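# Breakdown of the fold
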Amino acid sequence: MFKKFIIILACSAILSGCGFQPMLKGDAAGKQLFVLSVKGEGYPVYIFRREMEKQLSLVPRLKENAYRVDISLVGAEAAATVAQDATISRVSLNYIANYKISTPDGHSVEQNTTSTTSYPVIPTDEFISKNADTAARTRLMIDLAKDVALEIVRAIKQDVEHQPKL
């Protein structure tokens, strides 16, 4: 029992002297503050919101003020290809994210970003087609959220460098 205590004590002393820091320590002071509002319906909007929250949590603090980000998602799907027997063999998904970035002092920028993907439809297997639809929508929302987050960071950096623009 005494040996275990000595080993634990020695490991603690060695790790504390080498600059070890816990990996899960939060640094809330170093992150840019955002107020996020996402408008839309359904599972794709849920996926988009979660990915946006992840992406925005990685933005370092560039300014003391919190930015307000209002996003509206609009999606459409259409037949991309049709087989000879007039059945749909591929579906195209297109989502547009219209967003507005605002500062507390009233400056704002409005932009939009579009993302498109497609997936195969197998008329004889509804399970595969439904899985392809869900996977395509999930990928599309994640990619769209990453693109929007990148544009938001660009706008904020532009705001920091050129104060009158945003």
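Heads up: the structure comes first, above all this text.
Residues numbered from 1 in each chain as written. Predicted model: local features only at pLDDT ≥ 70, side-chain atom pairs only at ≥ 80, totals over all residues. Heavy atoms only, no water.

### Re the overall build of the chain
Heads up, the rule is: Working definition: helices are DSSP H or I runs of at least four residues, strands are E runs of at least two. Numbering for both runs from the N terminus. For every residue, the accessible area (1.4 Å probe, protein chains only) is compared with the maximum for its type, and the residue is labelled buried under 20%, exposed over 50%, or partly exposed between those bounds. Residues count as neighbours in contact if any of their non-hydrogen atoms are within 4.5 Å of one another. Accessible areas in this description were obtained via Shrake-Rupley with a 1.4 Å probe; residue shielding takes into account the shown protein chains only.
Across its full length, the chain holds three helices and four strands. When the helices and strands of the chain are placed in sequence order, the string is α-β-α-β-β-β-α. By the burial criterion, 28% of the 166 residues in the chain qualify as buried. Partitioning the contacts of the chain with sequence separation of at least 6, the portion at a separation of at least 24 is 66%. Accessible area of the chain: about 11,000 Å², with a carbon and sulfur share of 58%.

### Some remarks on the pairing of strand β2 (residues 67–82)
Worth spelling out the cut-off: Two strands are counted as paired when DSSP detects at least two bridges linking them.
Judged from the six bridges that link them, strand β1 (residues 34–39) and β2 form a sheet pairing that is parallel. In the strand pairing of β2, Leu36 is matched with Val69. As defined by bridge partners, β2 adjoins strand β3 (residues 88–102) across 14 bridges and the pair is classed as antiparallel. Paired with Ser72 across the bridge in β3 is Asn98.

### What to know about the environment of Ser129
Tracing the backbone shows Ser129 in helix α3 (residues 126–161). Classification of Ser129 by relative accessible area gives buried; the value is 13%. The residues contacting Ser129, other than those within four sequence positions of it, are Tyr119, Val121 and Ile122.

### Some remarks on helix α2 (residues 43–57)
Spelled out, the test is: Any helix carries an expected span of 1.5 Å times its number of residues minus one. Think of it as the arc spanned by the lines of direction from the helix axis to the C-beta atoms.
Helix length check: α2 (15 residues) gives 21 Å between terminal C-alpha atoms against 21 Å at 1.5 Å per residue, within 8%. Turning to α2, its buried residues are Pro44, Val45, Ile47, Phe48, Glu51, Met52 and Leu56. When α2 is viewed along its axis, its buried side chains cluster within an angular range of 155° and face the same direction.

### Remarks on the pattern of salt bridges
This is how the line gets drawn: For this analysis, a salt bridge means a side-chain nitrogen from Lys or Arg found within 4 Å of a carboxyl oxygen belonging to Asp or Glu.
Summed over all chains, the structure comprises seven salt bridges. When the shortest N-O distance is used, the salt bridge between Arg137 and Glu77 registers 2.2 Å. Remark: Glu77 occurs in strand β2 and Arg137 occurs in helix α3; sequence separation between them is 60 residues. As a salt-bridge pair, Asp133 and Lys130 come within 3.9 Å of each other at their nearest N and O atoms. Of the two residues, Asp133 and Lys130 both sit in helix α3, three residues apart, roughly one turn of that helix. One network of salt bridges, in which partners are shared, links Glu77, Lys130, Asp133 and Arg137.

### Overview of unusual backbone geometry
Phi is positive for Ala86, close to 70°, though the residue is something other than glycine. Locating Ala86 in the fold gives a position in the loop between β2 and β3.

### With respect to a nonpolar patch on the surface
Operational definition: Like-charged residues within 9 Å of one another, or nonpolar side chains (Val, Leu, Ile, Met, Phe, Trp, Tyr) within 5 Å, are grouped into patches, provided each residue has over 30% relative accessible area and no salt bridge.
Side chains of Phe2, Phe5 and Ile6 sit close together on the surface and give an oily, nonpolar patch of about 350 Å² of accessible area. As for its placement among the helices and strands, Phe5 is situated in helix α1 (residues 2–17).

Bear in mind that shape data such as this cannot, by itself, settle questions of function.
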